[in-house]
Amino acid sequence: MRLPERFCRPFLALTFCIVSLTVAAQDRCGTVEYTELLKSKNVLFENSNAFEKWIRERQSLKERQPKTQRTQATYQVPVVVHVIHNGEAIGSGTNISDEQIQSQINVLNRDYKRLYADASSTPPEFQALAGAFDVEFILAKQDPEGLATTGIVRVQGSKTSWTMSDNYQLKAHSYWPAEDYLNIWVCNESDFLGYAQFPVSGLPGLENSSTNRLTDGVVVAYDVFGSIDDGPFSLQNNYKKGRTTTHEVGHFFGLKHIWGDDNGECTGTDYVNDTPNQSSSTSGCPAHPRVTCTDITSMFQNFLDYTYDACMNLFTQGQVSRMEIIIENSPRRASLTSSHGLLEPSPLPNDLGIHTINAPKTGQCATPFAPSVE
């Protein structure tokens with residue numbers, strides 16, 4: 001899936017004289033390209049047809065269950081935000097503030113539950129299709145060792161900007177187990193505004209490798225993370241309401257682009273019945289109705305299209321149903337809802353443990369030494 005250049009590619013600043021001029025735009029979303037990257041490295045072992053067959057089987061099973069047996073407590077998802085910065089003070093440049101991070105969590109909770117003010121902007125013909133995913137995103141309260149945390153990790157990166165080809169290097173700077181946390185890496189991502197790793201099925205033999213596990217999560221450019229509705233944050237003009245992260249988290253929970261990534265053929269599918277077919281991604285913020293694919297009105301307001309943030313305002317009920325299947329059944333998605341990261345850490349009478357052995361390092365000691373631990 002290749003987004004229009006203005007949507008996916010981060011700003012490249014001129015390094016001479018006028019540094020504020022933008023000479024190129026980022027592509028909005030790189031999730032399709034990222035999936036192809038994983039395939040090329042032989043770390044993605046499940047094809048789309050097998051995954052969709054698994055989804056249909058789970059959907060059919062769910063529809064046959066009595067309503068009283070269906071899960072409908074609010075799904076809670078612990079989030080860890082890894083800020084990979086360039087050494088700036090907190091709140092400056094790539095080292096975004098805690099407030100900006102909390103703003104993005106607020107956006108996710110509003111968007112997925114359909115609690116945002118612009119829900120009324122959904123066109124009348126799509127209002128009955130709009131759905132709410134009863135999920136709550138919570139900054140993690142415990143880290144992987146069971147210690148108290150804010151759910152925010154700050155690490156100075158080894159590069160000042162990042163591309164998708166740096167995926168492994170970027171995520172190796174900071175990572176928490178993907179079965180327990182939704183990892184979001186925020187950095188100076190220079191070729192896409194964001195990208196995400198799709199979920200997998202639980203089919204025997206098709207689960208992904210440990211390498212795939214260590215990269216699971218979402219990457220978002222620092223200057224599209226958060227919303228100006230919550231504070232005076234320095235964000236890209238057309239992507240300043242946090243909808244890039246909403247879009248990418250949708251991929252994380254199994255949603256595909258609504259035009260089916262078919263390069264304008266009108267033959268693709270996102271495997272959701274209530275999203276109208278359209279010829280390709282939508283740029284900018286067009287007037288409604290926009291008609292493509294033999295007089296079909298496009299749902300360009302959908303969070304899984306490429307319109308500007310201010311023009312996005314719905315998931316459909318079909319998309320919500322698909323995300324429910326994923327969060328209830330997919331490995332490293334279903335386990336999130338019971339993660340210890342959602343709980344306050346338990347107080348310990350003697351809260352002391354060995355964190356790191358500084359010396360001796362691996363190997364035999366030829367002479368006496370003074371051990372050093374942290």
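Residues numbered from 1 in each chain as written. Predicted model: local features only at pLDDT ≥ 70, side-chain atom pairs only at ≥ 80, totals over all residues. Heavy atoms only, no water.

(A) Examining the overall build of the chain more closely. Of the regular secondary structure elements, the chain holds nine helices and 13 strands. Within the chain, buried positions represent 51% of all 374 residues. Contacts in the chain between residues at least 24 apart in sequence constitute 70% of all its contacts with a sequence separation of at least 6. As displayed, the chain has an accessible area near 16,800 Å², and 53% of this comes from carbon and sulfur atoms. (Helix = DSSP H or I, 4+ residues; strand = E, 2+ residues; numbered from the N terminus. Buried < 20%, exposed > 50% of the residue type's maximum accessible area, 1.4 Å probe, protein only. Contact = heavy atoms within 4.5 Å. Areas by Shrake-Rupley, 256 points an atom, 1.4 Å probe, with all protein chains shown as cover.)

(B) Examining the pattern of salt bridges more closely. What the rule picks out here adds up to 16 salt bridges. Where Lys 53 meets Glu 57, a salt bridge forms, and the shortest distance between an N and an O atom there is 2.6 Å. A residue pair is termed a helical-turn pair when its members lie 3 or 4 positions apart in one helix, as Lys 53 and Glu 57 do in helix H3 (residues 48–64) at four residues. Lys 53 gets classed as partly exposed once you look at its relative accessible area, which sits at 44%. By relative accessible area, Glu 57 is classed as partly exposed at 35%. Linking Arg 243 and Asp 111 is a salt bridge whose minimum nitrogen-to-oxygen distance equals 2.9 Å. Of this pair, Arg 243 sits in helix H8 (residues 243–252) while Asp 111 is found in helix H4 (residues 98–113), placing the two residues 132 residues apart along the sequence. The buried category is assigned to Asp 111, whose relative accessible area is 2%. (Salt bridge = Lys/Arg side-chain N within 4 Å of Asp/Glu carboxyl O.)

(C) Spatial organisation of the packing of aromatic side chains. Taken as a whole, this structure holds 14 aromatic pairs when the rule is applied. Seen from their ring centres, Phe 303 and Phe 315 are 4.7 Å apart, and the 50 degrees between their planes marks the pair as tilted. Of this pair, Phe 303 sits in the loop between strand S10 (296–297) and strand S11 (315–316) while Phe 315 sits in strand S11, and the two are 12 residues apart along the sequence. Each residue in the set Tyr 75, Tyr 112, Tyr 116, Phe 133, Phe 137, Phe 252, Phe 253, Phe 303 and Phe 315 is aromatic and connected to the rest through ring pairs, giving one cluster. The ring of Phe 198 has Lys 256 sitting right over it, with the charged end atom 4.5 Å from the ring centre. A cation sits over an aromatic face here: Arg 333 above Phe 252, 3.5 Å from the ring centre. (Phe/Tyr/Trp six-rings, centres within 6.5 Å; stacked < 30°, edge-to-face > 60°. Lys NZ or Arg CZ within 6 Å of the ring centre and 35° of its normal.)

(D) Just unusual backbone geometry, in detail. Put simply, His 288 and Pro 289 share a cis peptide bond, and its omega is 0 degrees. Among the secondary structure elements, Pro 289 is positioned in the loop between H8 and strand S9 (291–292). Here Asp 261, not a glycine, exhibits a phi torsion of approximately 50 degrees, which is positive. Following the sequence through the fold, Asp 261 ends up in the loop between H8 and S9. With relative accessibility at 26%, the residue Asp 261 sits in the partly exposed group. With a phi close to 65 degrees, Tyr 271 is a non-glycine residue in the positive phi region. Considering the arrangement of structural elements, one finds Tyr 271 in the loop between H8 and S9.

(E) Region of the structure containing the packing of H3 against helix H9 (residues 317–329). Where H3 contacts H9, the axes come no closer than 10 Å and their chain directions differ by 95 degrees. Comparing their axes, H9 and H3 come out roughly perpendicular. On H9, the residues that touch Phe 51, Glu 52, Trp 54, Ile 55, Arg 58, Gln 59 and Lys 62 of H3 are Ser 321, Arg 322, Glu 324, Ile 325, Ile 326, Glu 328 and Asn 329. The class makeup of the residues in the contact of H3 with H9 is five nonpolar, three polar and six charged. (Axes fitted to C-alpha atoms, helices over the stretch in contact; angles between N-to-C directions. Parallel < 35°, antiparallel > 145°, perpendicular 65-115°, else oblique. Nonpolar A, V, L, I, M, F, W, Y, C, P; charged D, E, K, R; others polar.)

(F) Highlighting the nonpolar core. Ranked by internal contacts, the top residues of the largest apolar core, which has 53 residues, are Tyr 112, Phe 133, Phe 137, Leu 182 and Phe 253. Setting aside chain neighbours within four positions, we find Leu 182 in contact with Val 77, Pro 78, Val 79, Val 80, Phe 137, Val 218, Val 249, Phe 252 and Leu 336. With 19 residues, the next largest nonpolar core counts Leu 37, Val 153, Leu 170 and Trp 176 among its residues. (Core = buried A, V, L, I, M, F, W, Y, C linked by side-chain atoms within 4.5 Å.)

(G) Seen up close, the side chain of Ser 103. Position of Ser 103 relative to the elements: it lies in helix H4. Within polar-contact distance, the side chain of Ser 103 engages the backbone nitrogen of Ser 227 at 2.9 Å. Excluding residues within four positions of it along the chain, Ser 103 makes contact with Gly 226, Ser 227, Asp 230 and Phe 233. (Polar contact = N/O pair within 3.5 Å; in protein donor to acceptor, adjacent residues only side chain to side chain.)

(H) Looking closely at the packing of H4 against H8. Across the interface, H4 lies against H8 with an axial gap of 9 Å and an inter-helix angle of 60 degrees. The orientation of H4 relative to H8 falls into the category oblique. Our pair here, H4 against H8, has a crossing hand that is right-handed. Of H8, the residues touching H4 (which contributes Gln 104, Val 107, Leu 108, Asp 111 and Tyr 112) are Arg 243, Thr 245, Thr 246, Val 249 and Gly 250. (Left-handed = near helix turned anticlockwise from the far one by under 90°.)

(I) Main features of a nonpolar patch on the surface. On the surface, a nonpolar cluster with roughly 310 Å² of combined accessible area is contributed by Ile 354, Ile 357 and Val 373. The topology assignment puts Val 373 in strand S13 (residues 372–373). With a relative accessible area of 51%, Val 373 lands in the exposed category. (Patch = residues over 30% accessible without salt bridge, like charges linked within 9 Å, V, L, I, M, F, W, Y side chains within 5 Å.)

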